[in-house]
Amino acid sequence: MTTAAPPGVDPFDQDVLPAPRNAQMILLRSLLHPHRSRLWLATVLLLVQQAAVQAGPLLVAYAIDHAIPAVRDGRHGALIAVACGYLGCGLASGILQRAFIRVAALISQDVLIELRGRIFRHAQSLSLDFHERYTSGRLISRATSDVESIRELLSDGLEELIEVVLSAVYISVLLLILDWRLGLATMVSYGPLYVAIRSFQRRSMVAYRKRSTATAAVIVKFTETMNGIRPVKAFRREEPNDAAFGELNHRHERANGDAILEMARYVVGSRLIANIAIAAIVLWGAYRVAQGGLALGVLAAFVLYLRRLYDPIDRLGMFLNSYQSAAASLEKIAGLLAQEPGVPEPARPVPLPERPAGQPGRAVVFEDVRFAYRTGGEVLPVFGLRVPAGQTVAVVGATGAGKSTLAKLLARFYDPTDGRIMLDGVPLRELAPADLRRGVVMVTQESFLFSGTVAENITIGRPDASRAEVEAAAKAIGAHDFIAALPDGYDTDVRKRGGRISAGQRQLVAFARALLADPGVLILDEATSSLDIPGERAVQHAMHTVLHGRTAVIIAHRLSTVEIADRVLVMRDGRIVEDGTPEELIADSGHFAGLHQAWQDSLV
Amino acid sequence: MSGAMPATTPDPAPAVRHRSVIRSLLRLWPYVRPVRIRLGLSAAVAVVASCMSLLIPLVLKWMVDGPVHDKDTAGVWLGGGLLLLLGLLEAGLFGVRRWLVARPLAGVEASMRAALYGHLQRLPVDFHDRWASGQLLSRATMDLQILRMFLAFPLVFLVVNGATILIGFAILFAQAWLLGLVLLAPVVPLMIVCSYFETHYALAARTAQDQAGDLATVVEESVLGIRIIKAFGQHRSQAAAFRGQARGLWGTEMRKARLLSDIWAVIMTLPELAIGGALAVGVLQVADHKLSAGTLVAFLSTALALRWPVESIGFLLAMSNEAATAADRYFEAMDTPEADRSGTGDAAAGDGLRMTGVRFRYPDAPDGGPDLLSGVDLHVRPGETMALVGATGSGKTTLTALLPRLHEATGGRITLDGADIAGLPVARVRELLAVAFEEPTLFSASVRENVAMGAGPAGVTEADVERALAVAQCDFVAGLPHGLDTQVGEQGLSLSGGQRQRLALARAVVGRPRFLVLDDPLSALDVQTEALVEAALREVLRETTALVVAHRPSTVLLADRVALLSEGRITAVGTHAELLRDSAEYRHLMSGTADGAREESRAPADAAETDPAPAGAPQADSPLTDLPLERSEA
Ligand SMILES: Nc1ncnc2c1ncn2[C@@H]1O[C@H](COP(=O)(O)OP(=O)(O)OP(=O)(O)O)[C@@H](O)[C@H]1O
Ligand SMILES: Nc1ncnc2c1ncn2[C@@H]1O[C@H](COP(=O)(O)OP(=O)(O)OP(=O)(O)O)[C@@H](O)[C@H]1O
Ligand SMILES: [Mg+2]
Ligand SMILES: [Mg+2]
């Protein structure tokens with residue numbers, strides 16, 4: 001019972017799931033890969049657009065060096081050419097920019113929808129075991145905040161990067177052409193800039209990693225509070241919660257501030273380098289013009305270009321910033337996506353054999369099964385069990401005996417640590433998921449409803465069911481009357497977690513949902529515990545018909561259920577300690593006989 | 001389920017149309033106030049810094065027209081030195097600007113978040129019932145981040161770039177007023193385009209934010225409901241809802257992008273054309289010797305330096321609009337008034353729990369229907385335990401929710417020891433009264449913390465926790481990996497159903513409350529554990545005034561008297577035996593059989609047999625405690 005790792009070393013606690021090296025880059029690449037032709041298109045658009053934008057100073061230089069003397073000579077051709085050139089460039093840069101934004105938005109939104117979908121689908125495919133440790137808040141954080149930072153990178157960052165790089169290349173080439181010596185001098189300034197960028201990247205990555213974790217912690221606390229608002233209020237948790245949240249919030253604030261300050265540091269450093277370079281180059285250029293080694297127009301163009309060259313440094317910073325923030329988020333997302341489902345889908349699924357005519361339900365076999373939760377000790381020591389097709393088995397036993405665990409194994413929420421469970425001779429591990437769900441359906445002890453209508457909640461197991469079928473399922477267990485009395489009947493929104501209806505009503509809806517799914521094996525885990533006795537009786541009465549032609553495993557503390565069972569299993573400490581028909585066991589004067597007697601006594 | 005989403009979020013559209021961006025943003029002031037000096041300073045520094053960048057071309061002009069022209073090397077050095085100085089200053093100021101606001105703005109974001117969290121915690125339960133949780137979360141995270149970004153950039157830069165443009169134009173006019181006029185030409189069309197853009201973009205931004213909130217809701221639900229999704233294979237409607245939401249968001253984001261691309265195109269093209277015009281005019285003027293070449297260079301480089309501030313206006317406007325809608329969303333939640341927690345009275349002693357003519361209906365109940373509770377009269381005497389029995393959906397849970405004022409009764413009076421709960425501070429009511437809910441919600445904390453929180457902020461001793469655990473028969477705790485310090489995991493789902501319910505029970509009794517409300521507290525327990533819990537609970541119940549919602553006779557036996565809730569009223573009160581004898585409905589609820597002949601013949605006999613002897617209930621107890629099968633975890 002003490003095998004669990006001491007708190008603090010679990011990667012789940014630290015919110016750092018192991019991901020392969022460079023997983024974030026691989027992820028980003030795999031997301032962008034399908035859009036490479038659009039990416040090229042976007043790049044070309046920007047390339048041409050930048051050409052149009054950067055032509056401006058060139059035209060100015062041309063105007064000063066050629067058009068002015070030409071006009072003085074009475075020739076206006078050059079001036080008209082310059083004016084037309086400027087007009088064309090202005091129009092082109094606007095139109096191309098528009099086209100670029102649209103293409104870029106298409107890329108980034110498609111990438112985001114794909115990423116969100118991947119996170120969602122992957123989270124759904126991961127086993128309960130994972131979810132129990134990762135917590136919903138973190139998952140929500142991955143799917144919202146972290147995706148959001150990637151959105152920022154894609155929607156603005158991409159453009160900034162391409163623009164900055166393009167204009168740097170353009171201008172560098174132009175400068176080299178205008179005057180190779182001044183051009184080379186400009187190149188020299190790239191060295192220190194590169195150093196500044198690298199150091200910024202390293203430091204801000206650390207800051208953003210911390211921030212992403214801190215964000216998730218804030219979200220976890222936030223969602224837990226809002227989901228448990230009733231106990232929070234009833235137990236006056238508001239102030240302790242304020243304090244606890246304040247602490248997490250403060251940690252987030254620090255991390256946030258750290259990340260912003262990294263950016264400030266970068267901006268100062270890079271600006272300094274740029275401005276020193278400008279002063280030096282202008283000085284040298286002016287000196288040469290003064291010496292007559294350089295045309296005035298060239299210097300003017302140079303000066304204009306230099307400003308433009310270094311202007312986007314801030315924007316490069318913004319890009320790097322959103323890149324680092326996105327990289328930290330991508331890292332977390334990649335860690336999530338790298339998680340293997342603990343209950344994997346079979347590589348080569350075996351179909352569930354057709355039910356032989358006349359066979360009711362499916363046969364279930366537990367073969368030397370052992371099971372331990374990852375966070376606890378062994379719950380089920382080695383045990384075996386055979387349930388022939390069509391049998392109705394009641395499982396009883398003290399709370400915590402392992403009844404729900406047994407049921408969850410049969411529904412393959414978890415895989416056994418040892419041994420195997422078979423459905424009509426096919427191990428659950430090898431069954432295709434769709435077959436498994438046609439084969440086994442479970443009404444869990446917690447009757448969770450999704451927000452949405454009653455009908456939607458009932459049709460979860462069979463989305464194509466008609467309204468008549470839904471109503472038939474509800475009628476079968478006596479849920480129809482209350483549903484029909486709701487404001488919009490079957491189309492009433494039950495709100496988050498079914499809060500619009502009462503606990504007993506939620507159980508009825510959950511029950512109807514399982515019936516509608518029409519499985520070969522039906523598992524009911526305390527499916528009537530919140531019903532009043534007439535309601536429970538009605539359900540039990542209905543079971544005679546609805547369990548006909550299925551195998552059923554019924555877990556119940558109220559032994560009235562047992563009356564309809566063909567067989568009773570009594571569990572204790574994860575073991576089956578008694579097994580037989582109800583009559584046999586009652587006659588036996590074992591545990592069950594005692595239980596039954598106590599239960600009889602408790603009735604009216 | 002996508003169709004259901006909008007119903008859970010308040011309709012945003014009307015709010016958007018009528019509120020101006022500036023008005024929305026002005027509401028941020030209380031949060032910005034503490035950092036106003038730094039924010040103002042940073043704007044001032046930014047203005048100075050961008051003036052530096054405007055000064056640089058002037059120095060260049062001076063160099064070109066002066067030393068360079070005159071071949072004065074000393075002058076060139078001077079100019080270079082000046083440039084360097086300005087450059088250093090500019091870089092320093094850039095840094096100072098960011099440094100000034102980095103931590104304070106993170107602080108503003110954090111304080112707004114803390115305020116929202118604190119406020120939401122104190123909003124009435126029906127607010128939480130109405131609002132999708134993802135909508136609240138997205139306000140607390142994404143919207144606040146947008147607001148911080150707005151304070152850091154668009155706010156400052158709208159000012160700075162506005163100032164830069166004004167100063168820039170002043171310089172331009174000073175240099176060459178005619179060329180300046182040419183540059184001014186596009187201002188009017190630009191303003192028209194911007195205002196058109198603004199209204200449309202704000203709508204799209206709001207829609208996108210709401211959709212992002214819905215998406216968060218779907219993600220959250222699909223994680224919390226993962227067991228159901230697993231139990232039924234892939235939950236197609238949930239996946240479809242997700243796809244639908246994601247597609248919707250995609251569409252809105254594309255709409256935003258299209259708007260943005262249009263405004264960019266206009267904002268880039270018009271000034272460029274104007275500069276082209278100025279260039280042509282300038283060339284002519286230089287050729288006519290009305291203007292020096294140096295002036296033209298300086299003019300154009302100033303104009304080009306202004307290009308970025310002008311172009312930036314497009315996305316600054318976009319960000320401001322997004323910030324305004326984010327602020328709207330934030331304040332929608334913040335504006336919901338907290339429950340009226342008026343009252344300063346305190347409970348006297350010894351009247352127990354009394355409800356007189358209590359009425360209640362849920363805010364969204366269909367009009368015309370009867371109230372769910374339509375005049376409940378009930379008196380639980382001091383020290384007495386009253387069972388509350390009623391059919392599924394009859395309103396028992398609703399009734400218990402009125403006591404700790406999770407919902408406010410719409411009529412009638414509820415008194416605790418003579419004091420009207422509406423006149424007591426809410427915290428005091430909740431101190432007097434502890435509840436075990438029918439859904440035993442635990443928090444991801446240790447077992448000890450989960451139990452101890454039942455005593456409220458005051459805290460409890462270790463002995464109290466032990467006692468409460470003993471009452472609820474939580475001996476399984478000793479077997480958990482870290483005993484009392486074991487983390488129970490989100491919602492306590494790493495425990496069995498019965499274990500969870502017993503911890504919730506321990507939490508309710510740990511603070512020895514004067515009043516205790518237990519909503520079907522034993523539903524997940526097996527018969528034997530139930531008997532043990534009941535035996536221990538009797539000790540506790542002796543000292544408190546308790547209301548216990550019960551479905552089973554075994555639970556009813558805990559109580560001294562039973563009240564029957566039916567059609568919104570208490571229709572019968574008496575001992576179990578009395579009610580069995582007198583009330584057909586009660587008989588039906590307790591036995592499940594139709595009120596027929598078979599039961600008629602049984603009921604009196606059974607009733608006599610199980611006639612409650614509150615202190616001991618020996619008939620029910622004796623066969624149980626002797627049973628060989630004990631709690632398995634022991
Ligand atoms: N997800 C989990 N992680 C770790 N331990 C668990 C988890 N779920 C259950 N357990 C432990 O396994 C044991 C058996 O739990 P199980 O839910 O199977 O009991 P049960 O027989 O269904 O009880 P109940 O009648 O109270 O529902 C308990 O001791 C419980 O604490
Ligand atoms: N938030 C809500 N808004 C509107 N109607 C509600 C809400 N919660 C419950 N109801 C309705 O009020 C009625 C009473 O619900 P309540 O939960 O009080 O029943 P209950 O007596 O506790 O039933 P159970 O025995 O099943 O727990 C139900 O018919 C339910 O549909
Ligand atoms: Mg269970
Ligand atoms: Mg209830």
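Thresholds, definitions, all that
Residues numbered from 1 in each chain as written. Chains lettered and ligands numbered in written order. Predicted model: local features only at pLDDT ≥ 70, side-chain atom pairs only at ≥ 80, totals over all residues. Heavy atoms only, no water. Contact = heavy atoms within 4.5 Å. Buried area = accessible area lost by both parts, 1.4 Å probe. Salt bridge = Lys/Arg side-chain N within 4 Å of Asp/Glu carboxyl O. Polar contact = N/O pair within 3.5 Å; in protein donor to acceptor, adjacent residues only side chain to side chain. Helix = DSSP H or I, 4+ residues; strand = E, 2+ residues; numbered from the N terminus. Nonpolar A, V, L, I, M, F, W, Y, C, P; charged D, E, K, R; others polar. Patch = residues over 30% accessible without salt bridge, like charges linked within 9 Å, V, L, I, M, F, W, Y side chains within 5 Å. Areas by Shrake-Rupley, 256 points an atom, 1.4 Å probe, with all protein chains shown as cover. Buried < 20%, exposed > 50% of the residue type's maximum accessible area, 1.4 Å probe, protein only. Donors = N, O, S within 2.8 Å, 3.2 Å for Na, K, Ca; no water. Pairing = 2+ DSSP bridges. Near = heavy atom within 4 Å. Axes fitted to C-alpha atoms, helices over the stretch in contact; angles between N-to-C directions. Parallel < 35°, antiparallel > 145°, perpendicular 65-115°, else oblique. Left-handed = near helix turned anticlockwise from the far one by under 90°. UniProt positions renumbered as here; feature names shortened; annotations may be inferred. Domains from an automatic or database assignment.

**Description of the interface of chain B and chain A**
- In this assembly, 185 residues from chain B lie in contact with 177 residues from chain A.
- Interface of chain B and chain A: buried area, both sides summed, is about 16600 Å²; carbon and sulfur atoms make up 66% of it.
- On the chain B side of the contact with chain A, Arg 103, Tyr 117 and Phe 232 of chain B bury the most area, a combined 5% of that side's loss.
- Taken together, the links from chain B to chain A amount to 16 salt bridges.
- Ionic pairing is found between Asp 364 of chain B and Arg 500 of chain A, a salt bridge with its closest N-O pair at 3.9 Å.
- Run the count over chain B and chain A and you get 50 residue pairs in polar contact (both at pLDDT 80 or more).
- Per element, the largest residue contribution to the side of chain B that touches chain A is 30 residues, and it comes from helix α13 (residues 236-287) of chain B.
- For the side of chain B that touches chain A, a count of residues per class yields 95 nonpolar, 51 polar and 39 charged.

**Quick word on a nonpolar patch on the surface**
All names here are of chain B.
- On the surface, Trp 177, Leu 178, Leu 181, Leu 184, Val 187, Val 188, Met 191 and Ile 192 cluster together to form a nonpolar patch covering roughly 760 Å² of accessible area.
- Of all the secondary structure elements, the ones that give two or more residues to the nonpolar patch are α10 (177-184) and α11 (187-224).
- Locating Trp 177 in the fold gives a position in helix α10.
- According to the relative accessible area criterion, Trp 177 is exposed, its value standing at 56%.

**Let's talk about the pattern of salt bridges**
All names here are of chain B.
- Across all of its chains, the model carries 65 salt bridges over all chains by this definition.
- One salt bridge connects Arg 27 with Asp 335, and the closest N-O pair in it is separated by 2.8 Å. A residue pair is termed long-range when its members are at least 10 positions apart, and Arg 27 in the loop between α3 (21-26) and α4 (29-32) and Asp 335 in helix α15 (residues 307-335) qualify at 308 residues.
- A residue is classified by how much of its surface remains accessible, and Arg 27, at 30% relative accessible area, is partly exposed.
- Residue Asp 335 is classed as partly exposed on the basis of its relative accessible area, which comes to 42%.
- For the salt bridge of Asp 351 with Arg 354, the shortest nitrogen-to-oxygen distance reads 3.3 Å.
- Overall, the relative accessible area of 31% leaves Arg 354 in the partly exposed class.

**Overview of the coordination of the magnesium ion (ligand 4)**
Residues and elements named next belong to chain B.
- Around the magnesium ion (ligand 4), the protein supplies Thr 397 (OG1) and Glu 438 (OE) as donor atoms, at distances of 1.8 to 2.4 Å. Within this pair, whereas Thr 397 is found in helix α16 (residues 396-402), its partner Glu 438 is found in the loop between β6 (433-436) and α18 (447-452), the two being separated by 41 residues in sequence.
- When its relative accessible area of 31% is taken as the criterion, Thr 397 is described as partly exposed.

**Let's talk about the sheet that holds strand β4 (residues 411-416) of chain B**
Residue and element names in this part refer to chain B.
- Taking strand neighbours across the sheet as the criterion, the four strands line up as β2-β1-β4-β5 in an open arrangement whose pairing is antiparallel. With one partner strand each, in any of the chains shown, β2 (373-380) and β5 (419-420) form the two edges of the open sheet.
- Both strand β1 (residues 353-360) and β4 contribute to a ladder of five bridges, which runs antiparallel. Each bridged residue has a counterpart across the sheet, and for Arg 354 the counterpart in β4 is Thr 415.

**Some details on the site of ligand 2**
- In the vicinity of ligand 2 lie 21 residues, with Ser 502 and Gly 504 of chain A together with Lys 396, Thr 397 and Thr 398 of chain B positioned nearest.
- One of the side-chain N or O atoms of Gln 505 of chain A is found 3.4 Å from an oxygen atom in ligand 2.
- Taking Ser 394 of chain B, its main chain carries an N or O atom lying 3.3 Å from an oxygen atom of ligand 2.
- Here ligand 2 has 640 Å² of accessible area as a free molecule, and 92% of this is covered by the chains.
- Where the shell around ligand 2 is concerned, the elements lending two or more residues are α17 (503-517) of chain A together with α16 of chain B.

**Notes on the packing of helix α9 (residues 238-291) of chain A against helix α11 (residues 313-337) of chain A**
All names here are of chain A.
- Where α9 contacts α11, the axes come no closer than 10 Å and their chain directions differ by 150°. Taken together, the axis directions place α9 and α11 in an arrangement best described as roughly antiparallel. Helix-helix and strand crossings are classified by hand; for α9 and α11 the assignment is right-handed. Every residue of α11 that contacts α9 at Met 263, Tyr 266, Val 267, Ser 270, Arg 271 and Ala 274 is listed here: Ile 313, Asp 314, Leu 316, Gly 317, Met 318, Leu 320 and Asn 321.
- Its residues assigned to classes, the contact of α9 with α11 shows eight nonpolar, three polar and two charged.

**Considering the coordination of the magnesium ion (ligand 3)**
Residues and elements named next belong to chain A.
- Looking at the metal site, the magnesium ion (ligand 3) is ligated by Ser 404 (OG) and Gln 445 (OE1), spaced 1.8 to 2.2 Å from it. Linking Ser 404 in helix α12 (residues 403-410) with Gln 445 in the loop between β6 (440-443) and α14 (454-458), this pair joins segments that are 41 residues apart in sequence. For the pair Ser 404 and Gln 445, one class covers both residues: buried.

**Thoughts on the site of ligand 1**
- Neighbouring ligand 1 are 21 residues, the closest being Ser 404 and Thr 405 of chain A together with Ser 496, Gly 498 and Gln 499 of chain B.
- Ligand 1 is flanked by residues contributed from chains A and B.
- Take Glu 132 of chain A: an N or O atom from its side chain is 3.1 Å from a nitrogen atom of ligand 1.
- Interatomic distance of 3.4 Å between a backbone N/O atom of Gly 497 of chain B and an oxygen atom of ligand 1.
- Bound to the protein, ligand 1 loses 92% of the 630 Å² it would expose on its own.
- For the shell around ligand 1, a count of residues per class yields six nonpolar, 13 polar and two charged.

**What to know about the sheet that holds strand β3 (residues 385-390) of chain B**
Residue and element names in this part refer to chain B.
- Judged by pairing direction, the sheet is mixed, and its six strands sit side by side in the order β6-β7-β8-β3-β9-β10 without closing on themselves. Looking at which strands have only one partner, the edges of the open sheet turn out to be β6 and β10 (569-574). Strand after strand, the sheet turns through a mean of 20° between neighbouring axes, direction not considered.
- Both strand β7 (residues 515-519) and strand β8 (residues 545-549) contribute to a ladder of five bridges, which runs parallel. Residue Phe 515 lies in a different strand from β8, and its bridge partner there is Thr 545.
- Where helix α20 (residues 497-509) meets the sheet, it contacts β6 and β7, and its direction lies at approximately 175° from that of β6.
- Across the face of the sheet, helix α24 (residues 584-591) comes into contact with β3, β9 (561-566) and β10 while running at roughly 100° to β9.

**Notes on the UniProt feature "domain: ABC transporter" (unreviewed entry) in chain A**
- In this numbering, the UniProt entry assigns the feature "domain: ABC transporter" (unreviewed entry) to residues 364-598 of chain A.
- With 34% helix and 25% strand, residues 364-598 of chain A has end C-alpha atoms that lie 31 Å from one another.

**A short note on the domain arrangement of chain A**
Residue and element names in this part refer to chain A.
- When the domains of chain A are assigned, the result is domain 1 (21-337) and domain 2 (364-603).
- Centre-to-centre separation of domain 1 and domain 2, based on C-alpha positions: 55 Å.
- Between domain 1 and domain 2, the residue contacts involve six residues of the former and five residues of the latter.
- Across the domain 1 to domain 2 interface the summed buried area is about 570 Å²; carbon plus sulfur atoms make up 44%.

**So, the side chain of Gln 135 of chain B**
- In this fold, Gln 135 of chain B is placed in helix α8 (residues 133-152).
- Within the structure, the side chain of Gln 135 of chain B is placed 2.9 Å from the backbone oxygen of Asp 210 of chain B, a separation counted as a polar contact.

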